[in-house]
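Summary of structural features
Here is what each chain is made of, one letter per residue.
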Amino acid sequence: MNKTKYIFITGGVVSSLGKGIAAASIAALLEARGLNITMQKLDPYINVDPGTMNPFQHGEVFVTDDGAETDLDLGHYERFTSISLTKKNNLTSGQVYDSVINNERKGLYLGKTVQVIPHITDEIKKRIMEASDGKDVAIIEIGGTVGDIESLPFLEAIRQFQLDKGRENVLYVHLTLVPFIKTADELKTKPTQHSVKELRAIGIEPSIIICRADRVLPQDIRAKIALFCNVEADAVITAKDEESIYDVPLALHEEGLDSKIIGYLNIWAKSPDLSEWEKISDTLKTLKNSVTIGVVGKYVYLKESYKSLNESLIHGGIANNLTVNIKYINSEDFEGDDWKERLMEFDGCSGILVPGGFGSRGINGMIKAINYARINNIPYFGICLGMQLMTIEYARNALGLKDANSYEFDEITPDPVISIMEDQKDIGNMGGTMRLGAYPCIISKNTLAGQAYLKNSKKYLINKKNSVKVSHDGNIMISERHRHRFEFNNKYREIFKSSGFVFSGVSPDDKLIEICELKDHPWFVGCQFHPEFKSSPLSPHPLFKEFISAAVKYFNGSGALKTKSKKQKNAPHINNKKKNFTV
Ligand code: GLN
């Protein structure tokens, strides 16, 4: 195929309908048909990227291999497909305006009045083309809801796109809500009609309407939407609420969505091989057992802040054939005088995880949770900040460096075990700013981390963006994504090592600690990178797989793994009264 085909996905009625999942599912279906696809998210906000946004407001920042800080929908795109996205795949109004204003300052518009149409819209179209260069199909999601003032330049740009590229190359898919009104005992199509009307008023005619609903739409409702919205009846697709987001590609396929798309775009493609998705869906339906993981963080009231983490835990569960229940625990709960009683919050948990984060809020609570896991042999997984705090906890409570801390939280600490040393500064051009994106790491084979990658690499490597290479001496080279400013301070390596702390993964030049673990503990592992950005349901991340497996062992050691219905009652009880404490 020589010409790229474009699918634009807009949303109407309300936000949070799952436009990102719908877009990712379309991509998964087209990829399963052998097409070379890419995806892009157009975000109408003025921020240049979400890197500086508060996770409470915006949710997770997803990091790509090339170090872009992007919208969390890119996480869905990568989890549902094998593509590895880059800076180009998330475009914001901020970026567009930034480059148009820069061009204007350079005099590139030759004295013309610089306007939304054509200058802003041309820049948007240029960026869409750059991101989709050489691909068979580009699936482009427009953030926000039709009717928002901010999204107008994007909608105008995609309207023009069909004129520029031809009708047979550009398809509009609109996602709406068809609510069921209980009192009337009826499904209502009016919000859909209105939102399509809004879209048509700005010149975009959707060919396919995906309707979020709590049930499959009956034929008469489809016919009504088709008639009022000027689409074919079989182009009205139900996106019924599914138990798992990983059921969505199959559900949309059953509704005929992918064949409708390739029909409209006149693409020749093989019938899709959905066997892997079917396996996942079957596995999810038949899971009988479960474990509970306690996630101790400060963004626990907005689950979107830990989107990739949640999904990776679910993937780790799938790989172990069980459901993972995630119990969010606010680390600040452990900061008061009653923190020992509050540890009862871990009841039912078989593993503890401290995820990434910034700033000093809740830090001491996280350190207490880590200490609890270490002393009581509970599997622990520390990610980025969670790894840094794991070393601080160890320094304070095992090495006797009572005031050990990270330079981030205490600039005058006598023992900055997490800091940034002069010789670490020039690595990867990070200077005083963040280390962002993919970096290589060498793991020693006879470690928990090394064994995790070795044992699970086959499945993990199903996704071609993942990388695990074994060198002639048996060490393992991986590449994982980073987003942090501080590093383990090499000054403390020896004292840690001499007391049984293991640095299992380091940068190839040995200057940076990437993974650490404890020798005399069933599973106490921390990594400076974010493995959650590389996990997918079809290729679960080795570290999540092994963490969950350790949690299962812990569960079994405290009583037999029980079936779902009994799990609450029989979940292992982490009774802090019986256990030791040092903090
Ligand atoms: N705040 C820490 C740092 O900047 C950890 C960051 C993170 O967890 N992503 O180094």
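Residues numbered from 1 in each chain as written. Predicted model: local features only at pLDDT ≥ 70, side-chain atom pairs only at ≥ 80, totals over all residues. Heavy atoms only, no water.

Right, let's talk about the overall build of the protein for a bit. Along the protein, the regular secondary structure elements total 20 helices and 24 strands. Computed over the C-alpha atoms, the radius of gyration of the protein is 25 Å, within 12% of the 25 Å expected from 2.2 N^0.38 for a compact globule of 583 residues. Buried positions account for 60% of the 583 residues belonging to the protein. Pairs at least 24 apart in sequence give 74% of the contacts found in the protein among residues at least 6 apart. (Helix = DSSP H or I, 4+ residues; strand = E, 2+ residues; numbered from the N terminus. Rg over C-alpha atoms; globule rule 2.2 N^0.38 Å. Buried < 20%, exposed > 50% of the residue type's maximum accessible area, 1.4 Å probe, protein only. Contact = heavy atoms within 4.5 Å.)

Glancing now at the site of the ligand. Contacts to the ligand come from G356, G357, F358, C384, L385, Q388, E408, R483, H484, R485, F486 and H530. A distance of 2.9 Å separates an oxygen atom of the ligand from a polar backbone atom of G357. At 3.2 Å from a nitrogen atom of the ligand is found a side-chain nitrogen or oxygen belonging to H530. Protein coverage of the free-state accessible area of the ligand, which is 300 Å², stands at 99%. For the shell around the ligand, the secondary structure elements donating two or more residues are α15 (385-397) and β20 (476-484). (Near = heavy atom within 4 Å. Polar contact = N/O pair within 3.5 Å; in protein donor to acceptor, adjacent residues only side chain to side chain. Areas by Shrake-Rupley, 256 points an atom, 1.4 Å probe, with all protein chains shown as cover.)

Bringing the pattern of salt bridges into the picture now. Enumeration according to the criterion identifies 35 salt bridges in this entry. We note a salt bridge from E104 to R105, for which the minimum N-O separation is 2.8 Å. Under the relative-accessibility criterion, R105 is labelled exposed at 65%. When salt bridges with common partners are traced through the structure, they connect D65, E78, K465, R481 and K534 into a single cluster. (Salt bridge = Lys/Arg side-chain N within 4 Å of Asp/Glu carboxyl O.)

Before going further, it helps to spend a moment on a nonpolar patch on the surface. The grouping of Y97, I101, V116 and I117 at the surface amounts to a nonpolar patch, some 330 Å² of accessible area in total. At the level of secondary structure, the elements contributing two or more residues to the nonpolar patch comprise α4 (93-105) and α5 (116-132). Position of I117 relative to the elements: it lies in helix α5. (Patch = residues over 30% accessible without salt bridge, like charges linked within 9 Å, V, L, I, M, F, W, Y side chains within 5 Å.)

Spatial ordering of the open sheet is given by β13-β12-β14-β15-β24-β23-β22-β18-β20-β19, a layout of 10 strands whose pairing is mixed. Sheet topology places β13 (322-330) and β19 (468-470) at the edges, where each strand pairs with a single neighbour. Strand after strand, the sheet turns through a mean of 30° between neighbouring axes, direction not considered. As defined by bridge partners, strand β18 (residues 435-443) adjoins β20 across 9 bridges and the pair is classed as antiparallel. Of the residues in β20, the one forming a bridge with C441 is I478. (Pairing = 2+ DSSP bridges. Axes fitted to C-alpha atoms, helices over the stretch in contact; angles between N-to-C directions.)

We now examine the packing of aromatic side chains. By the definition in use, this model includes 25 aromatic pairs. Judged by centre distance (5.4 Å) and plane angle (75°), the ring pair of F8 and F161 falls under edge-to-face. A residue pair is termed long-range when its members are at least 10 positions apart, and F8 in strand β1 (residues 5-11) and F161 in helix α6 (residues 152-165) qualify at 153 residues. Accessibility classification places F8 together with F161 in one group, the buried group. Summarising the aromatic geometry, the rings of F496 and F501 are spaced 4.9 Å apart at their centres and angled 80° between planes, so their arrangement reads as edge-to-face. The class of F501 is buried, set by a relative accessible area of 2%. Through pairs of rings, three or more aromatic residues link up here, namely Y394, F488, F496, F501 and F503. The ring of Y439 is capped by R435, whose NZ or CZ atom sits 4.9 Å from the centre of that ring. (Phe/Tyr/Trp six-rings, centres within 6.5 Å; stacked < 30°, edge-to-face > 60°. Lys NZ or Arg CZ within 6 Å of the ring centre and 35° of its normal.)

Take the environment of L543 next. Along the polypeptide, L543 turns up in helix α19 (residues 542-557). If near-sequence neighbours (up to four positions away) are discounted, L543 is found in contact with F381, A449, A452, Y453, W523, C527, F529 and P531.

Let us now look at the nonpolar core. Of all hydrophobic cores here, the largest spans 61 residues; its most connected members are I7, L30, I139 and I210. At 9 residues, helix α1 (residues 19-32) tops the list of elements feeding residues into this core. In this structure, I210 is in contact with I26, V173, H174, L175, T176, I237, A239, L252 and L257, ignoring residues within four places of it in sequence. Core analysis: the second largest hydrophobic core is formed by 44 residues, I329, A373, F488 and F503 among them. (Core = buried A, V, L, I, M, F, W, Y, C linked by side-chain atoms within 4.5 Å.)

Across the interface, helix α12 (residues 307-319) lies against α19 with an axial gap of 8 Å and an inter-helix angle of 65°. Our pair here, α12 against α19, has a crossing hand that is right-handed. The segment α12 lies against α19, with L309, S312, L313, G316, G317 and A319 engaging F544, K545, F547 and I548. A per-class count over the contact of α12 with α19 returns 6 nonpolar, 3 polar and 1 charged. (Left-handed = near helix turned anticlockwise from the far one by under 90°. Nonpolar A, V, L, I, M, F, W, Y, C, P; charged D, E, K, R; others polar.)

Before going further, it helps to examine the pairing of strand β17 (residues 416-419). Pairing of strand β16 (residues 405-406) with β17 involves 2 bridges; the strand directions are parallel. Bridging across to β17, N405 finds its partner in P416. Of the strand pairs in this sheet, β17 and strand β21 (residues 487-488) are connected by 2 bridges, and their pairing is antiparallel. Bridge pairing links I418 to F488 in β21.

With 7 of 7 residues buried, β1 is to be regarded as a mostly interior element. Of the two faces of β1, both are covered, the one formed by K5, I7, I9 and G11 as well as the one formed by Y6, F8 and T10. As paired strands, β1 and strand β6 (residues 137-142) are joined by 5 bridges and run parallel to one another. Note that in β6 the partner of I9 across the bridge is E141. One ladder, built from 6 bridges, connects β1 with strand β7 (residues 170-177); its direction is parallel. Across the sheet, the residue bridging to I7 is L171, located in β7.

Moving on: unusual backbone geometry. What you tend to see is this: most non-glycine residues have negative phi, and most peptide bonds are trans. Looking along the chain, the bond that leaves I117 and enters P118 is cis, with omega of 10°. If you trace the backbone, P118 turns up in helix α5.

Where α4 contacts α5, the axes come no closer than 10 Å and their chain directions differ by 115°. In terms of crossing hand, the pair formed by α4 and α5 is right-handed. Here Q95, V96, Y97, S99, V100 and N103 of α4 come into contact with α5, specifically with V116, H119, I120, E123, I124 and R127. Its residues assigned to classes, the contact of α4 with α5 comprises 6 nonpolar, 4 polar and 2 charged.

So, on to a negative patch on the surface. Judged by side-chain charge, E254, D273, E278 and D282 come together as a negatively charged surface patch. Here D282 lies in helix α11 (residues 275-286). Residue classification places D282 among the partly exposed residues on the basis of a relative accessible area of 49%. (Lys, Arg positive; Asp, Glu negative; His and termini not counted. Charge placed at Lys NZ, Arg CZ, Asp CG, Glu CD.)

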